[in-house]
Amino acid sequence: MSAEFDAAAKLAEYAHPERLVTTDWLAEHLGQPGLVVVESDEDVLLYETGHIPGAVKIDWHLDLNDPVVRDYVGGEQFAALLGSKGIARDTTVVIYGDKNNWWAAYALWVFTLFGHEDVRLLDGGRDLWIAEGRELTTAAPEVTLVEYPVVERDDRAVRAYKDDVLAHFGNPLVDVRSPEEYSGERTTAPAYPEEGALRAGHIPTAASVPWARAAAADGTFKSRAELDAIYRDEVGLADGDDIIAYCRIGERSSHTWFVLNHLLGFEKVRNYDGSWTEWGSAVRVPIVTGEARGEAPAR
Amino acid sequence: MNATTLPARLAETREDFLALGVRDRLQLLLEFSNELPELPERYADHPDLFERVEECQSPVFIFVEVADGRVHLYATAPAESPTTRGFASILVQGLDGLTADEVLDVPADYPQSLGLGAAVSPLRVRGMTGMLGRIKRQVRERIAV
């Protein structure tokens, strides 16, 4: 019962245009049966100040992270969450959020761990919707509870653990944090809180490509040609590469994962969600400081 | 920490939050967010006076003034950051008009006692703790002069 794909010309350039919708498409399809719109923001209250009519909220901290173990929720919790939001296994889910869809991409990546098939991002996110003067409401959506099956998470395809990264040297790594975090001047994004890493720097051989370089000024993704220029020509990624992206806690790198996998068509891309808060505190893992990528450690 | 050592307004805020279920605590925080006062005109054009709270993910700036023994607290944060605005508003409403000693005596873990951990996550509450710490430091600086 999936919704039709957005046939906008800009999207058609991407490897998987079915993973994005434009604001025009969403405005036209709001309220359609089989479609649920999800808002996922950094600020947990932003949704309450006004959201796209009918949209439900999923919060990365409260809904997607396990409250005890540093991990994502399990199959039962995910099923309960989605069922409570009116999302069935065959529902088309369109996710949007603040800050260039930073957290929306993170939510989409978690949906992917559970193999939810039809999940898309709203190109331009919350900011573009508002900038275009489109409708927002504070009215709570009418949600019909549905049954979502308990599906166990499968982390293998799109999630990397620390040991996977240690075994990955020789293959491309992309560090999507700010230049200051990459070089080791600091362990957090400028103006972000300290989230506890004991060392500053980057994983040896990782290329520095701050995540927001993939976003245009209006918050939409840059065009296919612009993205190819960054990730293929400048960084040197090539078809067939096995790629791992990381940041500080795995959210910014979800955005880059989306770009590499869905927009540019790299088939093997994993997000290392332990990221710098794990790597930068782990005992005896190699790190590099300064602007150079550094050498892969000898095995 | 107990209610007798906590300034009345902060104690009342805490009771209000704790009397609510988790979902309603979010709504109350949103009300606080909407109540954050605009900066008085004399400070509106003086971003240089304000200190950025680094512990908050969203930009929030605070400025403390001590006049005639009373603390006055000003804070500004963008509308797109309602959680941060809510935290600032709780502190502005709870601390403004107190004496310097009363502000300095507020327990550092007051933000953790509001029951917001389950509503907005402990990590986010940390931003409010940072805000309170910076407010106290500014108070100390002002009364030391």
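Look above for the structure.
Predicted model only: the values in this text are computed from it and were never measured.

### Description of helix 5 (residues 98–113) of chain A
Residue and element names in this part refer to chain A. Given a rise of 1.5 Å per residue, 16 residues ought to cover 22 Å, and the 22 Å separating the end C-alpha atoms of helix 5 matches this to within 8%. Burial analysis of helix 5 places 13 of its 16 residues in the buried class, which makes it a mostly covered element. Looking at the residues trailing helix 5, positive phi occurs at Gly115, about 70°.

### Brief notes about the packing of helix 4 (residues 82–95) of chain B against helix 7 (residues 122–144) of chain B
All names here are of chain B. For the pair helix 4 and helix 7, interaxial distance at closest approach is 10 Å and the crossing angle is 40°. When the interaxial angle is binned, helix 4 and helix 7 end up oblique. As helix 4 packs across helix 7, the resulting crossing turns out to be right-handed. Facing Thr84, Phe87, Ala88, Ile90, Leu91 and Leu95 of helix 4, the residues of helix 7 in contact are Arg124, Val125, Met128, Met131, Leu132 and Ile135.

### Structural notes on the sheet that holds strand 7 (residues 173–175) of chain A
Residue and element names in this part refer to chain A. Across the sheet, 5 strands lie side by side as 6-10-9-7-8; this open sheet has parallel pairing. The open sheet has two edge strands, strand 6 (159–160) and strand 8 (207–208), and neither has a second partner. Pairing between strand 6 and strand 10 (residues 268–272): 2 bridges, direction parallel. Each bridged residue has a counterpart across the sheet, and for Arg159 the counterpart in strand 10 is Asn271.

### Let's talk about the side chain of Asp242(A)
Residue and element names in this part refer to chain A. Considering the arrangement of structural elements, one finds Asp242 in strand 9 (residues 242–246). A polar side-chain atom of Asp242 sits 3.4 Å from a polar atom in the side chain of Arg270. Other than its neighbours up to four places away in sequence, Asp242 contacts His168, Asn171, Pro172, Lys268 and Arg270.

### Considerations on the side chain of Asp41(A)
When you line up the elements, Asp41(A) lands in the loop between strand 2 (35–39) and strand 3 (56–57). Among buried Asp, Glu, Lys and Arg side chains, Asp41(A) stands out as unpaired, with Arg126(A) the closest opposite charge at 4.6 Å. A polar contact of 2.9 Å, which involves the side chain of Asp41(A), links it to the backbone nitrogen of Asp98(A). Aside from chain neighbours lying at most four places away, what touches Asp41(A) is Leu46(A), Tyr47(A), Asp59(A), Trp60(A), Gly97(A), Asp98(A), Trp103(A), Arg126(A) and Arg124(B).

### Remarks on empty space enclosed by the protein
Residues and elements named next belong to chain A. For the coordinates displayed, the defined rule picks out 2 cavities of 30 Å³ or more. Volume-wise, the second largest cavity comes out at about 40 Å³. For the second largest cavity, the full set of lining residues is Glu39, Asp41, Asp43, Val44, Tyr47, Lys57, Ile58 and Asp59. For the lining of the second largest cavity, a count of residues per class yields 3 nonpolar, no polar and 5 charged.

### A closer look at the layout of surface pockets
Put simply, the largest pocket is a space of about 630 Å³. Together, 24 residues line the largest pocket, and His61(A), Asn65(A), Asp66(A), Arg70(A) and Leu123(B) are the ones closest to its centre. When residues of the lining of the largest pocket are traced back to their parent elements, those giving at least two are helix 3 (60–64) of chain A together with helix 7 of chain B. Residues belonging to the lining of the largest pocket are distributed by class as follows: 11 nonpolar, 6 polar and 7 charged. The space that makes up the second largest pocket amounts to roughly 470 Å³. Taken together, 22 residues make up the lining of the second largest pocket; nearest its centre are Tyr47(A), Glu48(A), Lys57(A), Lys85(A) and Arg23(B). Of all the secondary structure elements, the ones that give two or more residues to the lining of the second largest pocket are strand 3 and helix 3 of chain A together with helix 2 (22–35) and helix 6 (117–120) of chain B.

### Re the packing of aromatic side chains
All chains considered together, the criterion is met by 18 aromatic pairs over all chains. Taken together, a centroid distance of 5.5 Å and an interplanar angle of 45° make the contact between Phe50(B) and Phe63(B) tilted. Note that Phe50(B) is positioned in the loop between helix 3 (41–44) and strand 1 (51–52) and Phe63(B) in strand 2 (residues 61–67), a separation of 13 residues in sequence. Assigned by exposure class, Phe50(B) and Phe63(B) land together as buried. Three or more aromatic residues joined by ring pairs make a cluster, and in this case those are Trp60(A), Tyr72(A), Trp102(A), Trp103(A), Tyr106(A), Trp109(A) and Trp211(A). We note Arg134(A) situated over the ring of Trp129(A); from NZ or CZ to the ring centre the distance is 5.5 Å.

### Looking at the environment of Tyr182(A)
Residues and elements named next belong to chain A. Looking at the secondary structure, you find Tyr182 in helix 8 (residues 179–183). Through-space distance from the C-alpha of Tyr182 to that of Val209 is 9.5 Å; in sequence the pair is 27 residues apart. Once residues within four sequence positions are removed from consideration, Tyr182 is found in contact with Asp175, Arg177, Gly201, His202, Ala206, Ala207, Ser208, Val288, Gly290, Glu291, Ala292 and Arg293.

### Considerations on the pairing of strand 9 of chain A
Residues and elements named next belong to chain A. Among the 5 residues that make up strand 9, 5 are buried, leaving the element largely enclosed by the rest of the structure. Alternating residues of strand 9 divide into Asp242, Ile244 and Tyr246 and Ile243 and Ala245, and every residue in both groups is buried. Relative to strand 9, strand 7 runs parallel, the two sharing 3 bridges. From the neighbouring strand, Val174 faces strand 9, where its bridge partner is Ala245. Here strand 9 runs beside strand 10; their pairing, made up of 5 bridges, is parallel. Each residue of the ladder has a partner; that of Tyr246, found in strand 10, is Tyr272. Chirality of the crossover, the property in question, places the unit of strand 9, helix 10 (residues 252–263) and strand 10 among those that are right-handed.

What counts, and at which threshold
Residues numbered from 1 in each chain as written. Chains lettered and ligands numbered in written order. Predicted model: local features only at pLDDT ≥ 70, side-chain atom pairs only at ≥ 80, totals over all residues. Heavy atoms only, no water. Helix = DSSP H or I, 4+ residues; strand = E, 2+ residues; numbered from the N terminus. Expected span 1.5 Å × (residues − 1). Buried < 20%, exposed > 50% of the residue type's maximum accessible area, 1.4 Å probe, protein only. Axes fitted to C-alpha atoms, helices over the stretch in contact; angles between N-to-C directions. Parallel < 35°, antiparallel > 145°, perpendicular 65-115°, else oblique. Left-handed = near helix turned anticlockwise from the far one by under 90°. Contact = heavy atoms within 4.5 Å. Pairing = 2+ DSSP bridges. Polar contact = N/O pair within 3.5 Å; in protein donor to acceptor, adjacent residues only side chain to side chain. Lys, Arg positive; Asp, Glu negative; His and termini not counted. Salt bridge = Lys/Arg side-chain N within 4 Å of Asp/Glu carboxyl O. 1 Å grid on protein atoms, 1.4 Å probe; cavity = no way out; pocket = protein on both sides within 12 Å on 5 of 7 lines; lining within 4 Å. Points joined across faces, edges and corners; volume = space filled by probe spheres on them. Nonpolar A, V, L, I, M, F, W, Y, C, P; charged D, E, K, R; others polar. Phe/Tyr/Trp six-rings, centres within 6.5 Å; stacked < 30°, edge-to-face > 60°. Lys NZ or Arg CZ within 6 Å of the ring centre and 35° of its normal. Right-handed = clockwise from strand over helix to strand, strands pointing away.

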